[in-house]
Amino acid sequence: MVSEGYLPYHPNPKKPDLTLPRRACDAHCHVFGPSEKFPYSEHSCYIPYDAPKEVLFQRHNFLGIDRGIIVQASCHGTDNSAMLDALIAGGDNYRGIAIVDPDITYQELERMHECGVRGVRFNFLKRLNACQPEEARKKIINKIIEFPWHVVVYLEPEDLPEIKEYLLSLPVPIIIDHMGRLPVDKGIDSPEFFALADILSNENFWIKVSCPERLSSEGAPYNDVNAVAMELIHLFSDRVLWGTDWPHPNMRSHIPDDGKLIDKLSSICPDKKMLNKILVDNPDRLYWAL
């Protein structure tokens, strides 16, 4: 049963006006279920609408997206079966980010790598009840160091001071989800922006310029996000990724139109060479060159 108040994915997104470059990558998307085949975790704080791989692939094809990074979400816990099933079906055009238990075996990690997994996700959002204990994270890092993987972190600005030194100590690249959930209404002169920019000055860190729908207080077309997104692209263009976050889990007020999210790239990254870097070159380096 779907958690009360959550919305399904957009039923009919527009065809984008912006034509994406060949091999454009959606660096943050999910697959959910179908629940009769891939049940949701009994520990999840939310149950989403089913959003299976067939719909994701159809949407990417319609939107002009050639590749994708499928990120395991907390609703499936550490059972990565739905994500791995999608990677196998998507072939070399898809890579994955897993959520794993600390007792995972080398053989299991090796199989994930063969399927296309290239990293693990650590969740620091206390409200999602999915934050791994530090000792568990340490065991996971000690195992994935054998692979050319990285760590994706989901955090909020208030989490960063507490975990900054820990993140800096990690021996693998770190990718921060969704602009670090910056308070975009404060602009680029806020303490939160400076704190995020400071850690991003370390070349081990990457940032996803994604999820304007979660950060905006104005609503679509999310113009209050533009200044922050543009500054992150300007400062860290070699380590910026972009993603849709399809099918937009946990949204209650509205569900964004993914065609319009793609068109928003024209506002935050009007330079075509820079856009090609974010959508093609940077994902190549992080996910396909290894």
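Please refer to the structure higher up on the page.
Keep in mind the model is a prediction, meaning the values are calculated, not measured. (Residues numbered from 1 in each chain as written. Predicted model: local features only at pLDDT ≥ 70, side-chain atom pairs only at ≥ 80, totals over all residues. Heavy atoms only, no water.)

1. Digging into the overall build of the protein chain
Defined as follows: Runs of H or I in DSSP of at least four residues are treated as helices and runs of E of at least two as strands, each being numbered from the N terminus. We compute the radius of gyration from the C-alpha atoms alone; for a globule the expected value is 2.2 Å times N to the 0.38, where N is the number of residues. We call a residue buried when its accessible area falls under 20% of the maximum for its residue type, exposed when it is over 50%, and partly exposed in between, using a 1.4 Å probe and counting protein chains only. Here, Shrake-Rupley sampling with a 1.4 Å probe gives the accessible areas, and only protein chains in the shown set may cover a residue. We count Lys and Arg on the positive side and Asp and Glu on the negative side, and we leave His and both chain ends out. For this purpose, a charge sits on NZ of Lys, CZ of Arg, CG of Asp or CD of Glu.
In terms of helices and strands, the protein chain carries 11 helices and 8 strands. Radius of gyration (C-alpha) of the protein chain: 18 Å, near the 19 Å computed for a compact globule of 290 residues. Taken over the C-alpha atoms alone, the protein chain extends approximately 45 × 40 × 40 Å along its principal axes. Across the 290 residues of the protein chain, 59% fall into the buried class. Working note: accessible area of the protein chain is about 12,600 Å², and carbon and sulfur atoms make up 50% of it. Both charge centroids of the protein chain, one from 31 positive and one from 42 negative side chains, sit 4 Å from each other.

2. Quick word on the pattern of salt bridges
Note the threshold: By definition, a salt bridge exists where a carboxyl oxygen of Asp or Glu is found within 4 Å of a side-chain nitrogen of Lys or Arg.
Throughout the structure, instances matching the rule amount to 14 salt bridges. Residues K14 and D17 are paired through a salt bridge, measuring 3.0 Å at the closest nitrogen-oxygen approach. Judged by its relative accessible area of 25%, K14 falls in the partly exposed class. With a relative accessible area of 64%, D17 lands in the exposed category. Each of K14, D17 and D263 takes part in a single network of salt bridges with overlapping partners.

3. Some thoughts on the side chain of D26
Short version of the rule: For this analysis, a polar contact is any N or O atom pair within 3.5 Å, provided that within protein one partner can donate a hydrogen and the other can accept it, and provided that sequence-adjacent residues contribute only side-chain to side-chain pairs.
Positionally, D26 belongs in strand β1 (residues 25–29). One buried charge, D26, has no salt-bridge partner; the nearest side chain with opposite charge is K208, at 8.2 Å. A distance of 2.9 Å separates the side chain of D26 from the side chain of H60, its partner in a polar contact.

4. Describing the nonpolar core
Stated formally: What makes a nonpolar core is a set of buried Ala, Val, Leu, Ile, Met, Phe, Trp, Tyr and Cys residues whose side-chain atoms join them at distances within 4.5 Å. When checking whether two residues touch, look at their non-hydrogen atoms; a contact exists if any pair is within 4.5 Å.
If you look at the biggest cluster of nonpolar residues, it comprises 81 residues, and the most contacted ones within it are L167 and L232. Filtering out sequence-adjacent residues up to four positions away, L232 remains in contact with M179, L182, F193, L196, L200, I207, V209, S237 and V240. Ranked by size, the runner-up nonpolar core spans 12 residues in total, among them A27, I175, Y287 and W288.

5. Description of the sheet that holds strand β5 (residues 150–154)
For clarity, the cut-off: For two strands to be treated as a pair, DSSP must find no fewer than two bridges joining them. To obtain each axis, a line is fitted to C-alpha atoms, and for helices this fit is confined to the stretch in contact; angles are then taken between N-to-C directions over 0 to 180 degrees.
Spatially, the 8 strands line up as an open sheet ordered β1-β2-β3-β4-β5-β6-β7-β8, and their pairing is parallel. Edge positions in the sheet fall to β1 and β8 (240–241), since each has one partner strand and no second. Bridge analysis of strand β6 (residues 174–176) against strand β7 (residues 205–208) gives 3 bridges, and the strand direction is parallel. If you follow I176 over to β7, its bridge partner there is I207. Along the sheet, helix α2 (residues 81–90) contacts β2 (67–71), β3 (94–98) and β4 (117–123); its crossing angle with β3, the most-contacted strand, is approximately 165°.

6. As for the packing of aromatic side chains
Rule in force here: Each Phe, Tyr or Trp ring (for Trp, its six-membered ring) is paired with any other whose centre lies within 6.5 Å, and the angle between the two planes then decides the class: stacked below 30 degrees, edge-to-face above 60, tilted in between. Either the NZ atom of lysine or the CZ atom of arginine qualifies as a charge over a ring when it sits within 6 Å of the ring centre and within 35 degrees of the ring normal.
One pass over the full model with this rule turns up 6 aromatic pairs. Centroid distance F57 to Y94: 4.9 Å. Interplanar angle 50°. Geometry classified as tilted. Highlighted residues: F57 in helix α1 (residues 53–63) and Y94 in strand β3, separated in sequence by 37 residues. Residue classification places F57 among the partly exposed residues on the basis of a relative accessible area of 21%. Note on Y94: relative accessible area 6%, which makes it buried. Cluster of aromatic residues (ring-pair linked, three or more members): Y106, F147 and W149. Over the aromatic face of F62 sits the side chain of K15, whose NZ or CZ is 4.8 Å from the ring centroid. Seen from the ring of Y166, R137 lies directly overhead, with NZ or CZ sitting 4.6 Å from the centre.

7. Observations concerning the state of the cysteines
Inclusion rule: Cysteine sulfurs are considered disulfide-paired once they come within 2.5 Å of each other.
Scanning all chains against the criterion turns up 0 disulfides. No disulfide involves C45; its sulfur sits 9.2 Å from the nearest other cysteine sulfur, which is in C75. In this structure C75 comes out as buried when scored by relative accessible area, which is 0%.

8. Points about the environment of F122
Relative to the assigned elements, F122 resides in strand β4. Excluding anything up to four places from it in sequence, F122 contacts Q132, R137, I140, I141, V151, V152, V153, Y154 and Y166.

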